[in-house]
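Residue-level structure breakdown
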Amino acid sequence: AATTAGAKISQKIPSVAYPLAEEPTEIAANINYHAQYSPHFSPFKFEPEQAFYATAESVRDRLIKQWNETYSHYHKVNPKQTYYLSMEYLQGRALTNAVGNLDVQDAYADALKQLGHELENIVEQEKDAALGNGGLGRLASCFLDSMATLNLPAWGYGLRYKYGLFKQRITKAGQEEDADDWLEKFSPWEVVRHDAVYPVRFFGQVEVNPSGSRKWIGGEVIQAVAYDVPIPGYKTKNTNSLRLWEAKAGADDFDLFQFNDGQYEAAALLHSRAQQICAVLYPGDATENGKLLRLKQQFFLCSASLQDIIGRFKERKDEKDEIQWSEFPSKVAVQLNDTHPTLAIPELMRLLMDDEGLGWDEAWNITTKTIAYTNHTVLPEALEKWSQAVMWKLLPRHMEIIEEIDKRFIAMVRSARPDLEDKVHGLCVLDNNPQKAVVRMANLCVVSAHTVNGVAQLHSDILKSELFADYVSIWPAKFQNKTNGITPRRWLRFCNPELSHIITKWLKTDQWVTNLDLLVNLRQFADNSELQSEWELAKLASKQRLAKYILQVTGVSIDPNTLFDIQVKRIHEYKRQLLNVLGAVYRYKKLKEMSTEDRKNTTPRTIMIGGKAFATYTNAKRIVKLVNDVGAVVNTDPEVNSFLKVVFVPNYNVSVAEMLIPGSELSQHISTAGMEASGTSNMKFALNGCLIIGTLDGANVEIREEIGVDNFFLFGATADEVPRLRKERENGMFKPDPRFEEAKQFIRSGAFGSYDYNPLLESLEGNSGYGRGDYFLVGYDFPSYMDAQERVDEAYKDRKRWTKMSILSTAGSGKFSSDRTIAQYADEIWKINECPVPLA
Ligand code: RUG
């Protein structure tokens, strides 16, 4: 384990300060220095790729300086710290963010010019760090940015996957997946810490000592090695860490004898097992092996992180002091990002009891005061349940602990709340159904965490009234809401510099970048024609840039004078991209039927849809194929293609989002009400002056409240109507709208090719069943969706009104800064304070 024993860097002999270049000429010299003396390529080459790595290394010097100062400061002050445990981070690219947060963007741009390069081209050389699937991972990354910007002493912990989220390729067959080898060359941002290495055990057995104490022994032991990524705050010295664990076999785990005997694979068995752990983000879990690997990943993250956290706690005690374990919760807050790191609960119990010698009650008291849990979904299939048999095999000591937690919880309920007797079966952690006995991870989290929060008001209300209702009656104070947010740095200041400059000009301050509530002051200018024309010009410039990008990646030419309508997110039936496509199909059919004169009175649109479908999610992949097939026909139909285009944007990721969002005018957030916990891209679009068409779901509800109901195109059933509508459907009482039937029929007619879309369309038909019987109510919401789209078309014709609505969208987005969200977590859950690194 990491230790601080031994000599520290001498305080008496000052280290020579690395001179950080300030002037562009010095910066250029520094970039040159890195190109020559930190070589990764043949000498004397300085193409954009080499320039990127040298620039990143130059920027990294600055980050490291601030980073070390931050660590020392936290070490000295020893404040309570937050540890954010997440299996996913969607960091995207780091260079623009780093020079922006360090406030050296212009100097680096000038320096690169002197070297014959443009910063905006150089940043595009960087590969996205896509260590996450979607909203949950991107939220974690926004949170890290806000924690650093708010000077909060906090760490992110995750896994250093070798392959991030797959790259999506669109072929005639639809979506195909390629591995994303983001570390193919190397990441210039990470720093390996050879002194932060911890053993993580799997399998084995529990040994009972004569004293009654228990110890987990045997099995296989893999080493977790820390790779740290600096997280700079915006215009502050505080630079926090994202610590990503890499799995390695130990030095002794190579059997030279076996190797020399020709048994090469056997000789390096543990090496290959270790490599598997962090090989891919979300290994396919259709097989037992896949499930076991995912569970190993989760435990690996939890165990390494907690050993590190405990090590830091022990290290920061006063030299002469005894360790005061009761102090642990006043120094450590652990946030579980969904149930994925739930194993932190039994692992903390195990480390405290078996390694540190604490009794159950003391360990439980510490664990429950330390751990908080965020729920991000109510979808049953996303609420994790692990087979008890697999858990006993992989983590026998943890299963003992989980059994004990459950036993004590049940006893507590029976004594304190006998009225809940018939609910106990649903509330307890272990589901002992002999057919498939499982551990219910969400239940374990709720039983053990001091706070449980949802991610938007509606979602938190649903958690309280439905999913966790009985727990609420036991612990009413445990449940909170923390509406998600996004970082205004990446999602406005850096991705949309044109609009940012206009905002700064009209607000006469750039303080909005860290105090997003100031945007509300734009409201007074919403009718001002000078602002409106500047606003429109900025939007047009972003649309032109986007059109260029779309042409480059799809070959489809789109017209920046049409309404840019975008839906980008993971492809899922509940997110209802199918509703969007059916709407597009209906629009296309009507345009075909219209006279040339009538067509001219319509609002020309470019519909862009992007997102990745999980590789084994058949219906989601069919939707991707359908969008592409519809696009292929519509975009080449000379009669209508100046009034409608349908484009599938391939390989949607953070960088693509940074390009799309500034150029958007309408975006679709159209999930079945009650199913999208929050959504965060809705916030990014609104912040960039894009209008939303959406249902009353997730954060849409709050966005609509903030920007004004007149500036939001609302449609669809509400969450409380959904159960009744599904029942009515099951009872055969649903009568579909003729427009809905017409759109489906048009697809069935073969208008978009010969692919068999029947299975997909049948999921919208029949009367019942998940994935059949229109569980997601596409048919029910279709007419009100089409009506809302008509209101959009009308509104867009009045450009002054549209621009005003756009300004009001930005003006009303202040609440959705992740700075606000994180300040609330800090005050109301973590109880941590800011710890700014002194500027001098
Ligand atoms: O689906 C949710 C989004 O609604 C939400 O905005 C995001 C962040 O809170 O988390 C998403 N999510 C939920 N991603 N994975 C899950 C379930 O593991």
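Predicted model, so just to flag it, every value in this text is computed and none were measured.

This next bit is on the pairing of strand β20 (residues 605–610). Where burial is concerned, most of β20 is hidden: six out of the six residues are buried. In β20, alternate side chains face the same way, and those of Arg605, Ile607 and Ile609 on one face and Thr606, Met608 and Gly610 on the other are all buried. The pairing of strand β19 (residues 563–568) with β20 spans six bridges and is classified as parallel. Looking at β20, one finds that Val568 is bridged to Gly610.

Of all residues adjacent to the ligand, which total 14 residues, the nearest are His376, Asn484, Glu676, Ser678 and Gly679. Contacts to the ligand include His340, whose side-chain N or O atom sits 3.4 Å from an oxygen atom. Contacts to the ligand include Ala677, whose backbone N or O atom sits 3.3 Å from an oxygen atom. Considered on its own, the ligand offers 420 Å² of accessible surface; in the complex 85% of this is hidden by protein. Class assignment for the residues of the shell around the ligand results in five nonpolar, seven polar and two charged.

On to the sheet that holds strand β21 (residues 644–649), then. By definition, the strands of a sheet pair up through backbone hydrogen bonds, in either a parallel or an antiparallel sense. On the basis of which strands lie adjacent, the open sheet formed by six strands has the order β21-β20-β19-β22-β23-β24 and parallel pairing. In this open sheet, the two edge strands, each paired with only one partner strand, are β21 and β24 (712–714). Taking the axes of each pair of neighbouring strands and ignoring which way they run, one obtains an average angle of 20° across the sheet. Of the strand pairs in this sheet, strand β23 (residues 691–694) and β24 are connected by three bridges, and their pairing is parallel. Bridge pairing in β24 links Gly694 to Leu714. Lying over the sheet, helix α31 (residues 778–797) contacts β19, β20, β22 (666–669), β23 and β24, oriented at roughly 155° with respect to β24. Sheet strands touched by helix α32 (residues 799–811): β19, β22, β23 and β24. Its angle to β23, the strand with the most contacts, is close to 85°.

What follows concerns the UniProt feature "modified residue: N6-(pyridoxal phosphate)lysine" (unreviewed entry) in the protein chain. Taking the UniProt record as the reference, the feature "modified residue: N6-(pyridoxal phosphate)lysine" (unreviewed entry) is found at Lys684. For Lys684, the location among the structural elements is in helix α26 (residues 681–687). Non-local contacts of Lys684, meaning those with residues more than four positions away in its chain, are made with Arg138, Ile486, Trp491 and Ile661.

Nonpolar side chains in soluble globular proteins generally cluster together in the buried interior. Grouped together as the largest cluster of nonpolar side chains are 199 residues, with contacts concentrated most on Trp245, Phe300, Met608 and Trp830. With eleven residues, helix α10 (residues 288–315) is the largest single contributor of residues to this core. Core analysis: the second largest hydrophobic core is formed by 52 residues, Val630, Phe713, Leu760 and Val792 among them.

The next point concerns the packing of helix α12 (residues 360–370) against helix α14 (residues 396–416). Any two packed helices are characterised by how steeply their axes cross, that is the angle between the axes, and by the distance between the axes. Between α12 and α14, whose axes approach to 13 Å, the crossing angle comes to 85°. As the angle between them shows, α12 and α14 are arranged roughly perpendicular. The residues of α14 that touch α12, namely those facing Trp360, Asp361 and Trp364, are Ile401, Glu404, Ile405 and Arg408.

With that settled, the discussion passes to the environment of Arg622. Tracing the backbone shows Arg622 in helix α24 (residues 618–634). Judged by its relative accessible area of 19%, Arg622 is buried. Separated by 44 residues in the primary sequence, Arg622 and Leu578 place their C-alpha atoms 9.7 Å from one another.

One pass over the full model with this rule turns up 64 salt bridges. With a closest N to O distance of 2.8 Å, Asp228 and Arg243 form a salt bridge. Taken together, the residues Asp228 in strand β10 (residues 220–232) and Arg243 in strand β11 (residues 239–248) connect sequence positions 15 residues apart. The residues Asp228 and Arg243 share a single accessibility class, namely buried.

A word on the sheet that holds strand β16 (residues 438–440). Spatially, the three strands line up as an open sheet ordered β14-β16-β15, and their pairing is antiparallel. Two strands in the sheet have a free side with no partner beyond their single neighbour: β14 (385–387) and β15 (430–431). One ladder, built from two bridges, connects β15 with β16; its direction is antiparallel. Following the sheet pairing, Leu430 is matched in β16 by Val439. Helix-sheet contacts for helix α16 (residues 441–448) involve β14 and β16, and the interaxial angle to β16 is about 45°.

This paragraph deals with helix α29 (residues 738–748). Three or more residues of α29 are buried, namely Arg739, Phe740, Ala743, Lys744, Phe746 and Ile747. Projected down its long axis, α29 carries its buried residues within an arc of 155°, all on one side. Where α29 starts, the residue carrying a side-chain oxygen 2.9 Å from the main-chain nitrogen of Arg739 turns out to be Asp737. At the exit of α29 stands Gly750, carrying a positive phi of roughly 90°.

Before going further, it helps to examine helix α9 (residues 269–277). Turning to α9, its buried residues number three or more, namely Leu270, Ala274 and Ile277. Looking straight down α9, one finds its buried side chains confined to an arc of 50°; they lie on one side. Residues of α9 that are buried in the fold lie against β7 (191–202), β10, β11 and α10.

Here we come to unusual backbone geometry. We note that Asn151 has phi near 60°; this positive angle belongs to a residue other than glycine. Inspection of the secondary structure puts Asn151 in the loop between α6 (135–149) and β4 (154–159). The backbone phi angle of Lys831 is positive, close to 55°, even though this residue is not glycine. Here Lys831 shows up in the segment after α33 (818–830). Taking the relative accessible area as the measure of exposure, Lys831 reaches 54% and is therefore exposed.

Relative to strand β6 (residues 174–180), strand β5 (residues 164–171) runs antiparallel, the two sharing six bridges. Within β6, the residue paired with Thr171 across the bridge is Gly174. A loop of two residues connects β5 with β6, the two strands running antiparallel in sequence.

In this model, the protein chain carries a mean pLDDT of 96, and residues with pLDDT of at least 70 account for 97%. Here residues 1–6 is a poorly scored stretch, pLDDT under 50, and it has seven contacts once near neighbours within four places are set aside; other chains count. ipTM for the predicted complex: 0.99, alongside a pTM of 0.97.

Scanning the model with the defined rule gives zero disulfides in all. Here Cys142 stays unpaired: no disulfide links it, and the sulfur of Cys495, its closest cysteine neighbor, is 11 Å away.

With that settled, the discussion passes to the environment of Ser272. Inspection of the secondary structure puts Ser272 in helix α9. By relative accessible area, which is 33% here, Ser272 ends up partly exposed.

Okay, the packing of aromatic side chains next. For the structure shown, the criterion picks out 38 aromatic pairs. Consider the rings of Phe313 and Trp325, whose centres lie 5.4 Å apart with planes at 40°: the pair is tilted. Of this pair, Phe313 sits in helix α10 while Trp325 sits in the loop between α10 and β12 (332–337), placing them twelve residues apart in sequence. Ring pairing ties together the aromatic residues Tyr71, Tyr83, Trp155, Tyr157, Tyr198 and Trp245, which thus form one cluster. The ring centre of Trp475 lies 3.7 Å from the NZ or CZ of Lys478, which sits over that ring.

So, how was this worked out
Residues numbered from 1 in each chain as written. Predicted model: local features only at pLDDT ≥ 70, side-chain atom pairs only at ≥ 80, totals over all residues. Heavy atoms only, no water. Buried < 20%, exposed > 50% of the residue type's maximum accessible area, 1.4 Å probe, protein only. Helix = DSSP H or I, 4+ residues; strand = E, 2+ residues; numbered from the N terminus. Pairing = 2+ DSSP bridges. Near = heavy atom within 4 Å. Polar contact = N/O pair within 3.5 Å; in protein donor to acceptor, adjacent residues only side chain to side chain. Areas by Shrake-Rupley, 256 points an atom, 1.4 Å probe, with all protein chains shown as cover. Nonpolar A, V, L, I, M, F, W, Y, C, P; charged D, E, K, R; others polar. Axes fitted to C-alpha atoms, helices over the stretch in contact; angles between N-to-C directions. Contact = heavy atoms within 4.5 Å. UniProt positions renumbered as here; feature names shortened; annotations may be inferred. Core = buried A, V, L, I, M, F, W, Y, C linked by side-chain atoms within 4.5 Å. Parallel < 35°, antiparallel > 145°, perpendicular 65-115°, else oblique. Salt bridge = Lys/Arg side-chain N within 4 Å of Asp/Glu carboxyl O. Arc of directions from axis to C-beta. pLDDT = per-residue confidence, 0-100. Disulfide = S-S within 2.5 Å. Phe/Tyr/Trp six-rings, centres within 6.5 Å; stacked < 30°, edge-to-face > 60°. Lys NZ or Arg CZ within 6 Å of the ring centre and 35° of its normal.

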